[in-house]
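# Descriptive structure summary
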Amino acid sequence: MAAVATDDGKTVVSRGWYRIDPGKCLHPDVTGQPKRIFSFAEAVDSENRTIKFKDRSLNWGGTTPLCTRENKFEISGQGDCGTRGLASTGFVAVDMSGGGKTLRFAMP
């Protein structure tokens, strides 16, 4: 499952969850001209259970805490996730320099 977030310089909006089948591509809803894009992905099985690798959840994220929830979401404003009943998930900033817009999630 994957989530993306966009920062237009005023508001950060996180969206998810998107299912990406192995070997397939996803084109998430990214509109406008965001100043920054963030991503988070986690490997899950067909029943949405997190896949473990070396006793850890297999995911691709980072250190930028953004709000998510278990079910489909679109969340504006990223402060106080826990007090709002949301999860705080570590996203990674996507380097969009060089014109590339493809992220590949590979085994660590």
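Now for a description of the structure that goes with this document. (Residues numbered from 1 in each chain as written. Predicted model: local features only at pLDDT ≥ 70, side-chain atom pairs only at ≥ 80, totals over all residues. Heavy atoms only, no water.)

### Regarding the state of the cysteines
Operational definition: Pairs of cysteine sulfur atoms within 2.5 Å are what we label disulfides. For the purposes of this entry, the term helix denotes a DSSP run of H or I that reaches at least four residues, the term strand denotes a run of E that reaches at least two, and both are numbered from the N terminus.
Per the stated rule, a full pass over the model turns up one disulfide. Between Cys-67 and Cys-81 runs a disulfide, and the two sulfur atoms are separated by 2.0 Å. Between Cys-67 and Cys-81, the disulfide has an S-S torsion of -90° and is therefore left-handed. Taken as a pair, Cys-67 in strand 7 (residues 64-68) and Cys-81 in the loop between strand 8 (73-76) and strand 9 (87-93) lie far apart in primary sequence, 14 residues in all.

### Considerations on the pairing of strand 2 (residues 12-18)
How we decide: Here the term buried applies to any residue with accessible area under 20% of the maximum for its type, exposed to any over 50%, and partly exposed to those in between, with areas from a 1.4 Å probe on protein chains only. Here the rule is simple: two strands pair whenever DSSP picks up at least two bridges between them.
Burial runs high along strand 2: six of the seven residues are buried. Of the strand pairs in this sheet, strand 1 (residues 2-7) and strand 2 are connected by six bridges, and their pairing is antiparallel. Counted as the bridge partner of Ala-5 is Ser-14 from strand 2. Where strand 1 hands over to strand 2, the hairpin turn is made up of four residues, of which Gly-9 adopts a positive phi near 100°.

### Let's talk about the nonpolar core
Quick reminder of the rule: Residues grouped as a nonpolar core are buried Ala, Val, Leu, Ile, Met, Phe, Trp, Tyr and Cys residues, joined through side-chain atoms within 4.5 Å.
In this structure, Ala-3, Ala-5, Val-12, Phe-38, Phe-40, Leu-66, Cys-67, Phe-73, Ile-75, Cys-81, Leu-86 and Phe-91 together form the largest nonpolar core, which totals twelve residues. Going through the elements one at a time, strand 1, strand 3 (36-42), strand 7 and strand 8 are the ones with two or more residues in this core.

### Remarks on the environment of Gln-78
Convention followed: For this analysis, residues touch if any pair of their heavy atoms sits within 4.5 Å. Polar contact is defined as a pair of N or O atoms within 3.5 Å, subject to the rule that within protein one atom must be able to donate a hydrogen and the other to accept it, and that residues adjacent in sequence are counted only when both atoms are side-chain atoms.
Structurally, Gln-78 is set in the loop between strand 8 and strand 9. The spatial distance from the C-alpha of Gln-78 to the C-alpha of Thr-11 is 8.5 Å, given a sequence separation of 67 residues. In contact with Gln-78, not counting residues within four places along its chain, are Val-12, Val-13, Ser-14, Leu-66, Cys-67 and Arg-84. In this structure the side chain of Gln-78 is engaged in a polar contact, spanning 3.2 Å, whose partner is the backbone oxygen of Val-12.

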